[in-house]
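Read off the chains here:
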Amino acid sequence: MSLLAGLGGGGAGTAAAPKTQARSGHHWWLVGPGLVYLVLFFVLPVGVMLVTSLYVRQTGAEVGDYTPALHWQNYGVALESFWRQLVRSLGFAGVATLVALAIGYPMAYAIAVRARHRKLLQGLLLVLVIAPFFTSFILRTIAWKQILADDAPVVHLLKAVHVLPPDGRLTATSFVVVCGLVYNFLPFMVLPIYANLERLDPRMLEAGADLYASPFTTFRKVTFPLSMPGVVSGTLLVFIPASGDYVNSSLLGNPDTVMIGQVVDQRFTKLLDYPTAASLSAILMVIILALVITYVRRSGTEELL
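This one's a predicted model, so the numbers in the text were calculated from it and none came from an experiment.

(A) Local environment of the packing of helix α9 (residues 215-226) against helix α10 (residues 228-243). α10 packs onto α9 with a crossing angle of 55 degrees between their chain directions and a minimal axis gap of 5 Å. Considered as vectors, α9 and α10 are oriented oblique to each other. Contacts between α9 and α10 involve F224, P225 and L226 from the former and M228, P229 and V231 from the latter. Class assignment for the residues of the contact of α9 with α10 results in six nonpolar, no polar and no charged.

Below is the structure:
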């Protein structure tokens, strides 16, 4: 009887296997729309950009008239002409990311850990973090320009306490461009870290106190290592868009603070130099991709890739 039962069970399992495989095929109906969206609005535009970066302008052709070709020299010319703007963009983005981390981590910690048991306060603080998103990115940047204008109270106060010289100014400087980047992308740093700290088991922190660890040691040995996925996500969400940003440098900077995003915008829309603009975009994309892969692997959070 047991043998017959075993044979019967095996037959049922064999018969059920195709049904399971058939059901698993339905997953493609769920994944399909997302894949189509990625192909249409990411893969295809990137492919067009790479093809455009190899175009060449024939002698005597009109401005904006290019011929499809494999002109790899476009990359060398673009890099040789605009490497300063490229390095400046990565430098500004790196500094803005570090400053955003220094400001955003304490904010996320206060919201997730200190206000854990006060839900009303926690919700209010989260609203304050995301409130800037309720207004336009450009309007917020213009507001910074007005707040830090030469005749604004902030500048007068800094001159009164001798932080700025009598002829000093804040607008049209690298400092204000970085401040604008930090302000506009700060929520992208706070929210991932908050989400990670919110899921942190409080008993882990209590265990550190039970083992006679100081609050700083508990933070250094327990809290911060466990929040690294949020830190890595936040830094990437700030660094990547900040590297290609052109609004802050255009509205808050000067000719000496031009970033690569401004160069791409000018080449595309004003000079109609499509190959150079596409080449710079491809170079920036490759550099950011290499930096991201290296950073994620060095931080020990490969599961984010």
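That shown, we press on.
(B) Molecular detail of the packing of aromatic side chains. Scanning the model with the defined rule gives 12 aromatic pairs in all. Ring centres of F137 and F185 lie 5.9 Å apart, and the angle between their planes is 50 degrees; this geometry places the pair in the tilted category. Of this pair, F137 sits in helix α5 (residues 137-147) while F185 sits in helix α7 (residues 174-198); the two residues are 48 residues apart in sequence, bridging distant segments of the chain. Residue classification places F137 among the partly exposed positions, given a relative accessible area of 23%.

(C) Structural detail: the layout of surface pockets. Each pocket or cavity is described by its volume, and for the largest pocket that value is around 330 Å³. Surrounding the largest pocket, 16 residues form its lining, Y109, V113, R114, L205 and T218 being those nearest its centre. Counting residues per element, the ones that place at least two in the lining of the largest pocket are α3 (73-114), α8 (202-210) and α9. Here the lining of the largest pocket takes five residues from α9, the largest share from any one element. Put simply, the second largest pocket is a space of about 200 Å³. Lining the second largest pocket are G94, T97, L98, L101, T235, L236, F239, L291, V292 and Y295. Within the residue set of the lining of the second largest pocket, elements represented by two or more residues are α3, α10 and α13 (274-298). Take the lining of the second largest pocket: its biggest share by element is four residues, from α3.

(D) A look at α9. Here α9 is 12 residues long and its end C-alpha atoms lie 15 Å apart, about the 16 Å a rise of 1.5 Å per residue gives. Listing the buried residues of α9 in full gives T218, V222 and T223. Buried residues in α9, looked at end-on, bunch into an arc of 85 degrees, giving them a common side. Seen from the open side of α9, the exposed residues pointing more than 90 degrees away from its buried face are F216 and K221. Where α9 is buried, its residues touch α3, α7 and α8.

(E) Fine view of the nonpolar core. Within the largest apolar cluster, 60 residues are counted, with the highest numbers of intra-cluster contacts made by L181, I193, L197, I260 and L280. Where this core is concerned, the elements lending two or more residues are α2 (27-52), α3, α7, α10, α12 (260-269) and α13. Of the residues forming this core, the biggest block, 15 residues, is contributed by α3. If we skip the residues at most four places from it in the chain, L181 touches F92, A96, A242, D245, N248 and M259.

(F) Structural context of the pattern of salt bridges. Within the structure shown, the criterion is met by four salt bridges. Between E198 and K119 there is a salt bridge, and its shortest N-O distance comes to 3.9 Å. Of the two residues, E198 is situated in helix α7 and K119 in helix α4 (residues 119-130); the sequence distance between them amounts to 79 residues. Judged by its relative accessible area of 53%, K119 is exposed. With a closest N to O distance of 2.9 Å, R203 and D201 form a salt bridge. The class of R203 is exposed, set by a relative accessible area of 59%.

Cut-offs applied
Residues numbered from 1 in each chain as written. Predicted model: local features only at pLDDT ≥ 70, side-chain atom pairs only at ≥ 80, totals over all residues. Heavy atoms only, no water. Axes fitted to C-alpha atoms, helices over the stretch in contact; angles between N-to-C directions. Helix = DSSP H or I, 4+ residues; strand = E, 2+ residues; numbered from the N terminus. Parallel < 35°, antiparallel > 145°, perpendicular 65-115°, else oblique. Contact = heavy atoms within 4.5 Å. Nonpolar A, V, L, I, M, F, W, Y, C, P; charged D, E, K, R; others polar. Phe/Tyr/Trp six-rings, centres within 6.5 Å; stacked < 30°, edge-to-face > 60°. Buried < 20%, exposed > 50% of the residue type's maximum accessible area, 1.4 Å probe, protein only. 1 Å grid on protein atoms, 1.4 Å probe; cavity = no way out; pocket = protein on both sides within 12 Å on 5 of 7 lines; lining within 4 Å. Points joined across faces, edges and corners; volume = space filled by probe spheres on them. Expected span 1.5 Å × (residues − 1). Arc of directions from axis to C-beta. Core = buried A, V, L, I, M, F, W, Y, C linked by side-chain atoms within 4.5 Å. Salt bridge = Lys/Arg side-chain N within 4 Å of Asp/Glu carboxyl O.

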